[in-house]
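Residue-level structural notes
Residue strings, one per chain:
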Amino acid sequence: MAHHPADSATPKGEPWVWFTSLGLIVGLVMVVGLLGLVLVNGFAVFWAPTVPTVKLGDGTTHIGHLAQRRIRPGSPASDPRYERQYQVGLKEVNGNSYVWIDEKKVTQESFDPSVLGLERMENGPAFVVPVAFVDAKGIRLEASQAGFLAALQAEVAHAAEIREQLADINRRQIGEVNAEMESLRIAQRRAEDRREPTQAIVDRLAKLDARFAELKASADKVAAGISSAKLEARDASGRALSLPAASLVRAWEPNRMTFWERVGLLFSRLREFLFDEPREANTEGGLMPAIFGTLVMTVFMSLLVTPFGVIAAIYLREYAKDGPILRAVRICVNNLAGVPSIVFGVFGLGFFVYVLGGSLDRLFFADQLKYNNNTPVLGTGGLLWCSLTLALMTLPVVIVATEEALSAVPRGMREASLAAGASKWQTIRDILLPASAPGILTGVILAMARGAGEVAPLMLVGVVKLAPTLPVDGLAPFLHLDRKFMHLGFHIFDLGFQSPDSDAARPMVFATTLLLIVLVVCLNLGAITIRNRLRARFKGASF
Amino acid sequence: MPATMNPTTSRIQVRPATEKEGRQDYISIRDFNFYYGAKKALESITLDVPERRVVAFIGPSGCGKSTLLRNLNRMNDLVDGIRHEGDITINGRSIYDPGLEVISLRRRVGMVFQKSNPFPKSIYENVVYALRVMGVRDRAILDEACETSLRKAALWDEVKDRLQDSALGLSGGQMQRLCIARAIANRPEILLMDEPCSALDPIATGKIEELIHELKEQFTIVIVTHSMQQAARVSDRTAFFYLGKLIEYDTTEKIFMNPSQAQTEAYISGRFG
């Protein structure tokens, strides 16, 4: 019997199935690896490990936790020598909060249960051996006595409360007075310039001055509540230290804590990370302003890019006559997506900030410029220009997605609407746009994902290292589009490359990266939920 | 074509023409030529559709019957590169009159498509769509139009308790009757039906055909169909098209019982097409 070619044992397509699935596996491994790396390194910021006391052959002693271990660069391959990096803290005493130690020189490593970990307002963390706690009245509580840690922590909590009250007075209340005084001074200068009566303004300014003095006095009163309690301790080499309790943020006993106490500390740090403001050149404290800035900027960018993109796509797909010009425009739009983002940053700075912002300033804020030493309002980087620049950058994504979605609307629906006597615009508005909403949202999701992670153009048009005020607050008009703001992506760059203490900043880089990923995922999940709801509404549409 | 198509079998029932009289040339097509680009789709068609009658267009695929139907409400305007010669008038007025807005033409000429195409909206919103785009906002008028149209489309009893439900949850036959209700909601004068039953089962088809009988009391209906039994059952007059030409146009009885052209006879007896 003749052998039919179809009888061959292995179907010809099989190896290619393996090959293509290999591609997927490589991709998945990379994603999982990236997330795992970020997760592990990021969580090091929050976890409190045990802290050894390390004695070296030459007699020096260090107290600090092991940050990393590596083969010493330059050591022979046949006899690799390891070195360890410890975070020892106490920057003002040790000169650096990290030390590298040759592993061979370590003679003894022990875990002193009394070692105290401290987070401080200044100079980074510290690991010390406590001696005594002296409260404001001078009463001494030895470290070995019961209630020592509780007394210290109570004092730390008290200091935190006072700091918060002071921040409220200084930042919020005095800030409001300052903002009003600022605008009144401009009004006063203008009135003087035009020889108009200034009495009302002067009166109001005097009132504000009084209010300012009053607030200052109350701030001083609160500040007087800062207790003079202090912690007496010794560093690794036995030098006596006196640390004011008011300068401490947190105190813990790394070698005595139970697992659940460590988890509690982790959550306390996580809360600070998410809801507080940064300290110490951004290497400590929280990221609230950056989270908020990224969120507001991304949402605002989406609000800008969606109408622009959808309107442009409607024109291209529904109204424009097909021909060489339309094809050229389409190619240009698609290629816009491939332009490096920094180019958009330069454009944003050159056009939006200088030309557009400058003109708007001259048109609407002429008084501000004239009577406020030519300080630009919109003619400088800010939230509005950042959002606009990124909106421009992500526009092609939305246009292409919308065009696809419009052309995917079944012909029957379009015809039914026109046959019912609807105009073209009514058909677009009532039938085509609702039906293509899920597709449009897909484009917006892609745009948001790209926009939220973008850093380079933002550095040119309004993102800063540290913004004292949020772009949204209680002062009219509540949303301050002209303000500079902080951004997680830029924060990562700033921590990684601009930080004075790169060793201390490294775990923060990973933690911030993790946060940025989580934020982008959350934004996308929100948009995807909306899209799925819309899809469910159109499910079963058969044409 | 199966043998049952033979006009001599008892399965084809020819309806006698009804008595009432209206304008005989309500839709008047004169020397109408139509081109898709260079391709000539219709060639010198001359045909009158009487008022409040049902006219069926039959013929093999690609004969131009749908093209002619879609010219009556200028749906072909959506296609690029079309051209026409000759004229079509409705009640004496040319549909190509530059003073006549194509939108107002389509408001007077409703259309039901081959595939039912309800919008992804509620049943209610589907029916009142034509009124909404005309700018009607009065809830009472909309409610009344919705009920009247659904009653006329014989769908009211089935959907009156779920008017706000999505139209996409209806069965195929219900969807097509919904599309008819939508097409008649703004009370057009003419109803165009482009193979309205081709995607339906026999029971749903029967309902739609019954409906056509009732609707012709008020509307002039032009129906394109592939089913000759359907043409015989529902229409007063039948036009047979072949290769873009009108071969024969006469009363349905005449076409099916005693066609004068050999091509018509061959087609309806199932010898080609």
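Rules behind the numbers
Residues numbered from 1 in each chain as written. Chains lettered and ligands numbered in written order. Predicted model: local features only at pLDDT ≥ 70, side-chain atom pairs only at ≥ 80, totals over all residues. Helix = DSSP H or I, 4+ residues; strand = E, 2+ residues; numbered from the N terminus. Buried ≥ 20, exposed ≤ 12 C-beta atoms within 10 Å, placed from the backbone. Contact = placed C-beta atoms within 7 Å. Rg over C-alpha atoms; globule rule 2.2 N^0.38 Å. Pairing = 2+ DSSP bridges. Nonpolar A, V, L, I, M, F, W, Y, C, P; charged D, E, K, R; others polar. Axes fitted to C-alpha atoms, helices over the stretch in contact; angles between N-to-C directions. Core = buried A, V, L, I, M, F, W, Y, C linked by C-beta atoms within 7 Å. pLDDT = per-residue confidence, 0-100. Expected span 1.5 Å × (residues − 1). Bend = angle between axes of the 7 residues up to and from the residue. Parallel < 35°, antiparallel > 145°, perpendicular 65-115°, else oblique. Left-handed = near helix turned anticlockwise from the far one by under 90°.

Turning our attention to the overall build of chain A. Helices and strands together make up the secondary structure of chain A, namely 15 helices and 14 strands. In terms of principal-axis extent, the alpha carbons of chain A reach across some 105 × 90 × 45 Å. Per-residue burial over chain A gives 32% buried out of 543 residues. Pairs at least 24 residues apart make up 70% of the contacts formed inside chain A by residues separated by at least 6 positions.

Attention shifts here to the overall build of chain B. For chain B, the count of helices and strands is 11 helices and 10 strands. Against the 2.2 N^0.38 benchmark of 19 Å for 273 residues, chain B shows a C-alpha radius of gyration of 19 Å, consistent with a compact globule. Judged by the C-alpha coordinates and their principal axes, chain B covers about 55 × 45 × 35 Å. Counting over 273 residues, chain B shows a buried share of 46%. Across chain B, contacts joining residues at least 24 apart in sequence account for 71% of those joining residues at least 6 apart.

Every other side chain in a regular strand lies on the same face of the sheet, so the side chains alternate between the two faces. All names here are of chain A. Both strand β1 (residues 53-56) and strand β6 (residues 106-110) contribute to a ladder of 4 bridges, which runs antiparallel. Looking at the pairing, Lys-55 lines up with Gln-108 of β6. Joining the antiparallel neighbours β1 and strand β2 (residues 61-63) is a turn of 4 residues, in which Gly-59 adopts a positive phi near 95 degrees.

Time to look at the interface of chain A and chain B. Counting from both sides, the interface comprises 18 residues of chain A and, opposite them, 19 residues of chain B. Those elements that place two or more of their residues in the side of chain A that touches chain B are α11 (411-419), α12 (424-452) and α15 (502-538) of chain A. Looking at the side of chain A that touches chain B residue by residue, the classes come out as 11 nonpolar, 5 polar and 2 charged.

We now examine the environment of Leu-336 of chain A. Among the secondary structure elements, Leu-336 of chain A is positioned in helix α7 (residues 324-336). Considering only alpha carbons, one finds Leu-336 of chain A and Val-355 of chain A, 19 residues apart in sequence, at a separation of 22 Å.

Moving on: the sheet that holds strand β4 (residues 82-87) of chain A. Two strands in a sheet stick together by hydrogen bonds in their backbones, pointing the same way (parallel) or opposite ways (antiparallel). All names here are of chain A. One open sheet holds the 3 strands; their spatial order is β3-β4-β5, and the pairing between them is antiparallel. A single partner strand is all that each edge strand has here, and the edge strands are β3 (65-71) and β5 (98-102). Pairwise comparison of adjacent strand axes, ignoring direction, gives a mean angle of 25 degrees for this sheet. Here 5 bridges tie β4 to β5, and the two strands are oriented antiparallel to one another. Directly across from Glu-83, in β5, lies its bridge partner Asp-102.

This next bit is on the nonpolar core. Grouped together as the largest cluster of nonpolar side chains are 150 residues, with contacts concentrated most on Val-398 of chain A together with Phe-57, Ala-181, Leu-191, Leu-192, Ile-221 and Val-222 of chain B. Ranked by the residues each element gives to this core, the list is headed by helix α10 (residues 383-407) of chain A, at 17 residues.

We now examine the sheet that holds strand β2 (residues 39-49) of chain B. Residue and element names in this part refer to chain B. If you trace the 4 strands from one edge of the open sheet to the other, you get β2-β1-β4-β5, paired in antiparallel fashion. Single-partner strands in this sheet number two, and they are β2 and β5 (93-94). When strand β1 (residues 27-36) meets strand β4 (residues 82-90), the two strands line up antiparallel, connected through 8 bridges. Across the sheet, Ser-28 pairs through a bridge with Thr-89, a residue of β4. Here helix α1 (residues 65-72) sits on the sheet and contacts β1, β2 and β4; the angle it forms with β2, its principal contact strand, is near 65 degrees.

Positive phi is not limited to glycine here, since Asn-123 of chain A has a value of about 65 degrees. With respect to the helices, strands and loops of the structure, Asn-123 of chain A is situated in the loop between β7 (116-120) and β8 (126-134). Judged by the 15 C-beta atoms lying within 10 Å of it, Asn-123 of chain A is partly exposed. Look at Ser-44 of chain B: it is not a glycine, yet its phi comes out positive at around 30 degrees. Mapped onto the elements of the fold, Ser-44 of chain B is located in strand β2.

Let us look at the environment of Gln-230 of chain B. Residues and elements named next belong to chain B. Tracing the chain through its elements places Gln-230 in helix α9 (residues 228-234). Residues Gln-230 and Cys-197, 33 residues apart in the sequence, show an inter-C-alpha distance of 9.2 Å. Discounting chain neighbours no more than four positions away, the residues touching Gln-230 are Cys-197, Glu-209 and Thr-225.

Let's shift gears to the confidence of the model for chain B. All names here are of chain B. In this model, chain B carries an average pLDDT of 86, and 92% of its residues clear a pLDDT of 70 or more. Within chain B, the lowest mean pLDDT, 87, falls on helix α8 (residues 202-215), and the highest, 94, falls on strand β8 (residues 220-224). Complex prediction metrics read pTM 0.80 and ipTM 0.85.

Now for α10 of chain A. All names here are of chain A. Between its terminal C-alpha atoms α10 stretches 35 Å, which fits the 36 Å expected from 25 residues at 1.5 Å a residue. Its maximal kink placed at Thr-394, α10 deviates by approximately 45 degrees, while the proline Pro-396 follows within four residues. Here α10 lies mainly inside the structure; 23 of its 25 residues are buried.

A few words now on α1 of chain B. α1 of chain B sits mainly inside the fold: 8 of its 8 residues count as buried. Positive phi shows up at Arg-74 of chain B, right after α1 of chain B, with a value of about 55 degrees.

Residue-level pLDDT values for chain A average 87, and 96% of them are 70 or greater. Averaged pLDDT values for the elements of chain A fall to 75 in helix α9 (residues 366-371) of chain A and rise to 93 in α10 of chain A.

This part covers the packing of helix α7 (residues 172-184) of chain B against α8 of chain B. Residues and elements named next belong to chain B. Where α7 meets α8, the axes come as close as 9 Å, and the angle between the chain directions of the two elements is 20 degrees. As judged from the angle between their axes, α7 and α8 are roughly parallel. Crossing handedness for the pair α7 and α8: right-handed. Mapping the contact onto sequence places Gly-172, Gly-173, Gln-176, Arg-177 and Ile-180 in α7 and Ala-204, Lys-207, Ile-208 and Leu-211 in α8. A class-by-class count of the residues in the contact of α7 with α8 yields 4 nonpolar, 3 polar and 2 charged.

Quick look at the packing of helix α8 (residues 341-364) of chain A against α10 of chain A now. Residue and element names in this part refer to chain A. For the pair α8 and α10, interaxial distance at closest approach is 9 Å and the crossing angle is 135 degrees. Of the possible angle classes, the one that applies to α8 and α10 is oblique. For the pair α8 and α10, the sense of crossing is right-handed. Where α8 abuts α10, its residues Ser-341, Phe-344, Gly-345, Gly-348, Phe-352, Val-353 and Gly-357 lie against Trp-385, Leu-388, Thr-389, Leu-392 and Met-393. Among the residues forming the contact of α8 with α10, the class breakdown is 7 nonpolar, 5 polar and no charged.

The subject of this paragraph is the environment of Trp-100 of chain A. Within the secondary structure, Trp-100 of chain A sits in strand β5. Residues Trp-100 of chain A and Thr-20 of chain A lie 80 residues apart in sequence; the distance between their C-alpha atoms is 46 Å.

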